[in-house]
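Read off the chains here:
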Amino acid sequence: MAKKKCCEGSCCGESKINIQPLGDRIVVQRDEAETVSAGGIYLPETAKNKPARGKVICVGNGKVLKDGTRCELQVKPGDHVLFLSYAGEEFKLNDQEYLLLREEDLLAVIG
């Protein structure tokens, strides 16, 4: 099986990153936090909550089932998703922050 390189800019138009998540893992870039509240108050950095939504950058090959077959993931690069607030592992690559999540940590696909 040929090794697939993910996210070299062609799948989602993002800046080039060279990463391939394993299994049912997904790389997500978190959306920007709100800077103004609904009432028009500007929020300082310390008061901002990390958004629980973002854009899928790369996906793994899928989860291996008990019978040895692979189950394809339900999301694809470019999808906007909702996920659990404290799920996944944060990491930095090329001065960008990303989240590494399992598919089970995703709640919904937006739009």
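For clarity, every value in this text was computed on a predicted model and none was experimentally measured.

(A) Representation of the nonpolar core. Within the largest apolar cluster, 12 residues are counted, these being I26, V28, V56, V59, L73, V75, V81, F83, A87, L99, L101 and L106. Of all the secondary structure elements, the ones that give two or more residues to this core are β1 (25–30), β2 (53–59), β5 (80–83) and β7 (96–102). By size, the runner-up hydrophobic cluster in this structure holds 5 residues, among which are I17, V27, I57 and Y98.

(B) Looking closely at the sheet that holds β5. Read across the open sheet, the 6 strands follow the order β6-β7-β1-β2-β5-β8; overall the sheet is antiparallel. On the outer flanks of this sheet lie β6 (89–93) and β8 (106–110), each paired with one strand and no other. Taken over all neighbouring pairs, the strand axes of this sheet differ in orientation by 40 degrees on average, direction set aside. One ladder, built from 4 bridges, connects β5 with β8; its direction is antiparallel. Looking at the pairing, V81 lines up with V109 of β8.

(C) Structural context of the pattern of salt bridges. For the structure on display, the rule yields 3 salt bridges. Across the salt bridge formed by R102 and D24, the nearest N and O atoms sit 2.8 Å from each other. Residue R102 is found in strand β7, and its partner D24 is found in the segment before β1; the two are separated by 78 residues along the sequence. The partly exposed category is assigned to R102, whose relative accessible area is 31%. A residue is classified by how much of its surface remains accessible, and D24, at 8% relative accessible area, is buried. One salt bridge connects K76 with D79, and the closest N-O pair in it is separated by 3.2 Å. Taking relative accessible area as the criterion, D79 reaches 13% and is therefore assigned buried.

(D) View of the pairing of β7. Relative to β7, β1 runs antiparallel, the two being bridged by 4 bridges. The residue of β7 that forms the bridge with R25 is R102. Looking at chain direction, β6 and β7 are connected through 5 bridges and run antiparallel. What sits directly across from F91, in β7, is Y98. Hairpin connection, β6 to β7: the antiparallel pair is bridged by 2 residues, and N94 has positive phi, about 55 degrees.

Criteria and cut-off values
Residues numbered from 1 in each chain as written. Predicted model: local features only at pLDDT ≥ 70, side-chain atom pairs only at ≥ 80, totals over all residues. Heavy atoms only, no water. Core = buried A, V, L, I, M, F, W, Y, C linked by side-chain atoms within 4.5 Å. Buried < 20%, exposed > 50% of the residue type's maximum accessible area, 1.4 Å probe, protein only. Helix = DSSP H or I, 4+ residues; strand = E, 2+ residues; numbered from the N terminus. Pairing = 2+ DSSP bridges. Axes fitted to C-alpha atoms, helices over the stretch in contact; angles between N-to-C directions. Salt bridge = Lys/Arg side-chain N within 4 Å of Asp/Glu carboxyl O.

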